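# Descriptive analysis of the structure
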Amino acid sequence: MKTILAWLLWLWMCLVLYGAFLYARPAMGFAAGQSSRIVFFHVPMAWVSMIAFLAAAVWSARYLLGGRRAEHDRAAAVAIQLGLLFGVLATVTGAMWARIEWGAFWNWDPRQTSITLSLLFYAAYLALRSAVEDAETRGRLSAVYALLGVVITPFLYFIVPRITFSLHPEPLVNADGKIDMDSEMRQVLFASFLGFTALFFWMHNLQCRLQALADRKSAHFYE
Amino acid sequence: MWRDASTWAAEAAAVFAKDWRCEFRTRYALNTLALFAFTTLVVVSVSLGPLGVSAAKGTPVLPTLLWLILLFAAAAGLPRSFVHEEETQTATALRLAATPSALFCGKLLYCLTLVAALEVLITPVYLAMMSLEVHSPWLLVGTLAAGGYGLAAGSTLIAAMIAQARGKGTLFAVLAFPVLLPLLLLAVELTRHAVSGEPAGMALTQILLYDGTVTVAALMLFPVVWNP
Amino acid sequence: MDAASLRFADVTRRFGRLRVLRGVSADVGSGEALLVTGHNGSGKSTLLRCLAGLLAPDAGTIEYHEGGRALEVAERRRRVGLVAPDLAFYGELTVAENLEFFARLRRVDVRRGLDLLGRLGLPSDQLVGALSSGMRQRLRWAFALLHRPRLLLLDEPFQNLDAAGESATRALLAEHLNRAGGLAVIANPFDLELDRVAGRLHLGG
């Protein structure tokens, strides 16, 4: 069953690729029209990164409230690792697009700022995990930090951008704003979003299973 | 219920009093904070003055630098509130004897007073050294209060976390800075408004929102951090 | 006198790869003492810390009843009296100041602390940092008994004590078990001569 789903996912992503490069037409009003195709990858990955962090918070809550089970702690940690991966990819693709469109890789525009700070926060989560030896303490403290992330992220995404915008009111500010999308673009974007979400959960499942095996293997007890 | 509340407050007060009593006998935290803050202040002043950044270029940056000094001094001096307990192993006795929420409030009050002392010490000197004229002094006071509170609240929670980990000094900075960054930006914005005389605007509401949110989150999360 | 009882079953705890406690069980009732013996590293301290609520066991149950109802971990943690070698106090404060602080935390009359100071022969105005190891051990007893706990958890309780200290603490323990109907779990590397030892538990292989 799992194999069939995995193959379906592969097929879906192929369709997404086809849609992104061949089916949808390049958006109007962009410097190098073809470059707008990056939106089919950049935006879904950014969204999936946020979903990943939210999922990590849910698993962290389950860990704390549901009996401190190692599998929940593992699920949260893997979700954050993947969230960071997707987040970094989203940032890189965003920077590439910014370079093509507006001439500079980095501008500290509101969206770039928010995602960078968010990534810093979750990279710190990994630093915390590596600094605690005892499994129980590590699970507990990481869960708390992941939940703290839920509280801090709205500030990073709503308040910080307002400030950076008001601190840098240059006309060069990139409004990563509304693109005029025709129906084909919307279809591909939606399909890509679904595909990347499924990809996240598939990768998450795989990595959790791998991690569980590794944990079991290293858990031979001294008597 | 009121009796319980008064004894809870008495517990928190006892923690606060104990921390200050110990602090007065060693003066470790105050010395660290003051020394660090003044050293950083001198570095900032020297890099803007004698090393030749003109006043015009320097002024927009001054509010930011003030808050950076406060942030780094806090990172140097505040974590000790919990790290010291774990290192000297007095934390076990505290875990057995104290109610977590009362303990947190006592420690928060202690960190708050440290931050307040730091701000009172540093801000006038900073303003004088940079020849910075503040057009809305009351806004500045309010910003220092709200910003200082946020600094203390966030730092106290993170301190409790890293006290149970390795690499405490650097780990504190790594964990705390992303958490404190929104606060920092809001405080800088408000300080700028205070200097230039503009009205506070949304930032004041938002900084209070941050303070409130972090306090609630910390009160809910601290018992989990503190006890196994 | 309302009864108190402690029951733990199959308590298991490991640290990393090292399995320290392997399914330990026992029952302790009012006025009874459980003596736990075993070589170094057999898990005696770990067991006591689990019973105190300072460590969560990986498996097994710990049930503590006081006044007819079962106590949650957080309540149990505040209700027990623990004497352990790694219990430390504030070196910059005097003995009296330390006990006063903990009395405030425990919401207990401060005079109880002074009372215990006297019984244990502790110098009230000396800085804890300057205490000898024997005096420190007496202070641990004072801390443990401050709030009149029903359950005493004693890890190597007579360590470092001279004859006077040991007789004072033994008297307090006897009072706790006989007059107050309390329970005690006592861990020691070797056997101790104690009255009212209702059970013995030997850890380790």
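Cut-offs used in this document
Residues numbered from 1 in each chain as written. Chains lettered and ligands numbered in written order. Predicted model: local features only at pLDDT ≥ 70, side-chain atom pairs only at ≥ 80, totals over all residues. Helix = DSSP H or I, 4+ residues; strand = E, 2+ residues; numbered from the N terminus. Buried ≥ 20, exposed ≤ 12 C-beta atoms within 10 Å, placed from the backbone. Contact = placed C-beta atoms within 7 Å. Rg over C-alpha atoms; globule rule 2.2 N^0.38 Å. Pairing = 2+ DSSP bridges. Nonpolar A, V, L, I, M, F, W, Y, C, P; charged D, E, K, R; others polar. Axes fitted to C-alpha atoms, helices over the stretch in contact; angles between N-to-C directions. Domains from an automatic or database assignment. Parallel < 35°, antiparallel > 145°, perpendicular 65-115°, else oblique. Left-handed = near helix turned anticlockwise from the far one by under 90°. Right-handed = clockwise from strand over helix to strand, strands pointing away. pLDDT = per-residue confidence, 0-100.

Moving on, we come to the overall build of chain A. Broken down by element type, chain A carries six helices and zero strands. Listed by position from the N terminus, the elements making up chain A come as α-α-α-α-α-α. Counting every position in chain A, which comprises 223 residues, the buried fraction comes to 36%. Taking as baseline every contact in chain A between residues at least 6 positions apart, the subset at least 24 positions apart corresponds to 79%.

In terms of helices and strands, chain C carries six helices and nine strands. A compact globule built from 205 residues should have a C-alpha radius of gyration of about 17 Å, and chain C, at 16 Å, falls within 12% of that. A principal-axis box enclosing the C-alpha atoms of chain C has dimensions of 45 × 35 × 30 Å. Across the 205 residues in chain C, those meeting the buried criterion constitute 39%. In chain C, of all internal contacts separated by at least 6 residues, the share reaching a separation of at least 24 is 75%.

So, on to the pairing of strand β4 (residues 59-66) of chain C. All names here are of chain C. In the sheet, strand β1 (residues 4-15) pairs with β4 via seven bridges, with the strands oriented antiparallel. Residue Ser5 lies in a different strand from β4, and its bridge partner there is His65. Direction of pairing for β4 relative to strand β5 (residues 69-70): antiparallel, over a ladder of two bridges. Residue pairing in the sheet places Glu66 in a bridge with Arg69 of β5. The turn linking β4 back onto β5 is made up of two residues, and Gly67 within it adopts a positive phi angle of 60 degrees.

Turning to the interface of chain A and chain B, a few remarks are in order. Each side of the interface is counted separately: chain A has 24 residues, and chain B has 23 residues. Residues belonging to the side of chain A that touches chain B are distributed by class as follows: 21 nonpolar, one polar and two charged.

So, about the sheet that holds β1 of chain C. All names here are of chain C. The strand order β2-β1-β4-β5 describes an open sheet built from four strands, whose pairing is antiparallel. On the outer flanks of this sheet lie β2 (18-28) and β5, each paired with one strand and no other. Sitting on the sheet, helix α1 (residues 44-52) is in contact with β1, β2 and β4, with an inclination near 125 degrees to β1.

What follows covers unusual backbone geometry. We note that Ser131 of chain B has phi near 50 degrees; this positive angle belongs to a residue other than glycine. Relative to the helices and strands, Ser131 of chain B is located in the loop between α7 (100-129) and α8 (137-162).

This part covers the domain arrangement of chain C. All names here are of chain C. Examined at the domain level, chain C breaks down into domain 1 (1-80 + 150-161 + 180-205) and domain 2 (88-148). For domain 1 versus domain 2, the distance between C-alpha centres works out to 24 Å. The interface of domain 1 with domain 2 comprises four residues on the first partner and four residues on the second. When grouped by side-chain class, the residues that make up the side of domain 1 that touches domain 2 number two nonpolar, two polar and no charged.

All names here are of chain B. Interhelical geometry of helix α2 (residues 28-48) versus α7 gives an angle of 25 degrees and a closest axis separation of 10 Å. The orientation of α2 relative to α7 falls into the category roughly parallel. The crossing of α2 and α7 is right-handed. Facing α2, whose interface residues are Ala29, Leu30, Leu33, Ala34, Ala37, Leu41 and Ser45, α7 presents Leu114, Ala117, Leu118, Leu121, Ile122, Val125, Tyr126 and Met129. Taken together, the residues of the contact of α2 with α7 sort by class into 14 nonpolar, one polar and no charged.

Our focus in this paragraph is the pairing of strand β7 (residues 151-155) of chain C. Residue and element names in this part refer to chain C. Of all the five residues making up β7, five are buried; the element is thus mostly covered by neighbouring parts of the structure. Side chains Leu151, Leu153 and Asp155 of β7 all project onto a buried face; the interleaved residues Leu152 and Leu154 project onto the opposite face, where all are buried too. Strand direction decides the pairing type here: strand β6 (residues 81-83) and β7, joined by three bridges, are parallel. In the sheet register, Leu82 faces β7, and the bridge partner there is Leu153. Direction of pairing for β7 relative to strand β8 (residues 183-188): parallel, over a ladder of five bridges. When the bridges of β8 are listed, Leu153 appears paired with Val185. In this fold, the crossover linking β7 to β8 by way of helix α6 (residues 163-178) has right-handed handedness.

This part takes up the confidence of the model for chain A. Residues and elements named next belong to chain A. Of all residues in chain A, 86% attain a pLDDT of 70 or more, and the chain-wide mean is 84. At the level of individual helices and strands, chain A shows its lowest average pLDDT in helix α1 (residues 2-23), which scores 82, and its highest in helix α2 (residues 39-65), which scores 94. Of the regions scoring below 50 in pLDDT, residues 168-177 engages in eleven contacts with residues more than four places distant in sequence or in other chains.

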